[in-house]
Amino acid sequence: MKRKFNRTNVIIDSDVTNNVDDMFAICYALSNSLLINVLAVTIEPYKNIARDISVDEMQLESSAEVRRIMTYMGIKRENFIFRGSEDFISNGYNQITPAVKQMVELSEKFKDLTIIATGALTNVAMFIKFYPEHAKNIKIIWLGTGNLMLDLFSDLNYLSDKDAFEIVAKSGVDFSVIPNYVARHVVSSVYEIEHNMHESAIGKYLLKAAKESENTNNLGIKTIYDVVPVGYVLHPEFFQVKDISVNELLKEQSKLESPHAIHYVFEMKANAVIWRDVVRSINGYAVNPFPSKVFFISDTHFTQRRKIALRQVPWQSVEESDDEIVRRWNSVVSKNDTVYHLGDFGNYEVIKKLNGKVILICGNYEEEDIRAEGFENFKKKLLALGFAEVYEKGIYLDESVLGERVFLTHRPLTHAKDCMSLFGHVHTLAPVKKFGFNVCLAYHNYTPISANTAKRYLDFIKNHSDADVFA
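In this text the structure is predicted, and so the values were computed from the model without any measurement.

Draft legend 1. Structural view of the overall build of the protein chain. Along its length, the protein chain carries 18 helices and 20 strands. Here the C-alpha atoms of the protein chain give a radius of gyration of 29 Å, more than 25% beyond the 23 Å that 2.2 N^0.38 yields for 471 residues. The principal-axis extent of the C-alpha atoms belonging to the protein chain is close to 100 × 45 × 45 Å. Within the protein chain, the fraction of its 471 residues that count as buried is 54%. Taking the intrachain contacts of the protein chain between residues at least 6 apart in sequence as the baseline, contacts between residues at least 24 apart amount to 67%. For the protein chain, the accessible area works out to roughly 22200 Å², and carbon and sulfur atoms hold 49% of it.

Draft legend 2. Structural context of the packing of aromatic side chains. Going through the model one piece at a time under the given rule, you end up with 15 aromatic pairs. An angle of 75 degrees between the planes, with centres 6.4 Å apart, marks the rings of Tyr348 and Phe387 as edge-to-face. One end of the pair, Tyr348, is in the loop between β12 (338–341) and β13 (357–361); the other, Phe387, is in the loop between α16 (375–385) and β14 (389–391), and 39 residues separate them in sequence. By relative accessible area, which is 10% here, Tyr348 ends up buried. Taking the relative accessible area as the measure of exposure, Phe387 reaches 3% and is therefore buried. Three or more aromatic residues joined by ring pairs make a cluster, and in this case those are Phe302, Phe345, Tyr348, Phe378 and Phe387. Stacked on the ring of Phe266, the Lys or Arg Lys242 has its end atom at 5.5 Å from the ring centre. Geometry around Tyr396 places Arg405 over its ring, the cationic atom sitting 3.8 Å from the centre.

Draft legend 3. Focus on helix α15 (residues 364–373). The complete set of buried residues in α15 reads Asn364, Glu366 and Ile370. Taken end-on, α15 shows its buried residues confined to a sector of 140 degrees, consistent with a single buried face. Those residues of α15 that are buried lie in contact with β13 and α16. A positive phi of about 85 degrees marks Gly374, the residue just after α15.

Draft legend 4. Focus on the nonpolar core. Judged by nonpolar contacts, the single largest core of 98 residues is most densely connected at Phe24, Leu121, Phe175 and Val227. Considering every element that reaches this core, the biggest residue donor is helix α1 (residues 20–30), with nine residues. For Val227, the contacting residues outside a window of four places in its chain are Phe24, Ala25, Tyr28, Val186, Ile274 and Val278. Residues Phe295, Phe345, Val350 and Leu385 belong to the second largest nonpolar core, which totals 29 residues.

Draft legend 5. Seen up close, unusual backbone geometry. Of note, Asp344 is a non-glycine position whose phi angle comes to about 60 degrees, a positive value. Mapped onto the elements, Asp344 comes out in the loop between β12 and β13. Positioned with a positive phi, His425 is a non-glycine residue whose angle comes to about 75 degrees.

Draft legend 6. View of helix α4 (residues 122–130). Counting buried residues along α4, seven of its nine residues qualify, which places the element largely inside the surrounding structure. Listed as buried for α4 are Thr122, Asn123, Val124, Ala125, Met126, Phe127 and Ile128.

Draft legend 7. Fine view of the packing of α1 against helix α11 (residues 227–234). The contact between α1 and α11 brings their axes to 8 Å, and the two run at 20 degrees. The orientation of α1 with respect to α11, classified from their angle, is roughly parallel. With respect to the hand of their crossing, α1 and α11 are arranged in right-handed fashion. Here Phe24, Ala25, Tyr28 and Ala29 of α1 come into contact with α11, specifically with Val227, Val230, Gly231 and Leu234. Partitioned by chemical class, the residues of the contact of α1 with α11 number seven nonpolar, one polar and no charged.

Criteria and thresholds
- Residues numbered from 1 in each chain as written.
- Predicted model: local features only at pLDDT ≥ 70, side-chain atom pairs only at ≥ 80, totals over all residues.
- Heavy atoms only, no water.
- Helix = DSSP H or I, 4+ residues; strand = E, 2+ residues; numbered from the N terminus.
- Rg over C-alpha atoms; globule rule 2.2 N^0.38 Å.
- Buried < 20%, exposed > 50% of the residue type's maximum accessible area, 1.4 Å probe, protein only.
- Contact = heavy atoms within 4.5 Å.
- Areas by Shrake-Rupley, 256 points an atom, 1.4 Å probe, with all protein chains shown as cover.
- Phe/Tyr/Trp six-rings, centres within 6.5 Å; stacked < 30°, edge-to-face > 60°.
- Lys NZ or Arg CZ within 6 Å of the ring centre and 35° of its normal.
- Arc of directions from axis to C-beta.
- Core = buried A, V, L, I, M, F, W, Y, C linked by side-chain atoms within 4.5 Å.
- Axes fitted to C-alpha atoms, helices over the stretch in contact; angles between N-to-C directions.
- Parallel < 35°, antiparallel > 145°, perpendicular 65-115°, else oblique.
- Left-handed = near helix turned anticlockwise from the far one by under 90°.
- Nonpolar A, V, L, I, M, F, W, Y, C, P; charged D, E, K, R; others polar.

Here is the structure:
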């Protein structure tokens, strides 16, 4: 079926921090901006028996989470997130909220408005209850209920606010119901996300969120329910729908004399296709909101026990030392940063644990391997392991990195004669020289130093150090 590229104007009504699948749904919609125009995110109330959290805290937490998602996607929008109900209609709640007001405003502006609701229908029901004329032309796509054909109304989205569901169902608005038994077929795992969703900043953030929500009882397996109603907007051809009487959804005492039809999504024909589309969409979201930073380090000597014997590190074992250096490295270096390593790396396999694009300027330990293998074979091996680049000798950096031309080398004796140099090799025997300074990890809290820190060192050496510093 040929896809028609009609952009759908959408409000996402979500209990954002109730589960990680809400985050995936929002990102799935935002990363398909050519097909879905997300006008606002409204925050639903929710119950979570696993967490002791007030509704006010939930509203604040969910709003903050949407802002973080926007940051990782490089989206800068004012008036985009709106607090919703602070309790359920079934509990007697009866107030107009910022979420409802925004639904009114957008329904006036966009006559083809669709609300994707992934939790309790409280906000939507309040909108319909107080502003029925404005709600007349909207479409609602809701993830909720069990198998209606078996009379199963067991899911939390329905049970949290039965009165809200009844208001929406009886209103006559264009109402599509996607039961949870259809959505539960979209399943992934922390392992799969880690190995397949890693190309974008937002993908990496979602992986972090998935890991933090991992349940040891389910071995990291996750049902990503809430992406399904977004997939229904993007790919209606993947779903089977039939119209049924609203009276099939209502309790006996509330059935209508003139029942209208609701759209019941009873099957998803391509479960795996929807999840693949989620991965493709988020991986393909090319915006990187975080500028790449540059770092410098040398003499990590990963897995080499000599550093323990010589007390070059403050830890008692090589395993403890390596783990802590990796932790400190990854605490300051992100995946898209660049790290210049000025030699004596150690076990090259450790590159697989380190964030950043690592450029290696070979030191004396690497020289031993180069003599045994030849430089081209050695370089080919390291590139295959994950190094971004490997240089046999020192290299120049132009002024775009540190504000002036500098030379990167392992040994201080091979410093440049025409500019300042950064070096390693001598560990704690020489912090600064009149021609440059030492980036050995022992001088810098066993952590790569940033370009800004390197600039301060260079400025000190050239402009602020006393003459007798280098005597």
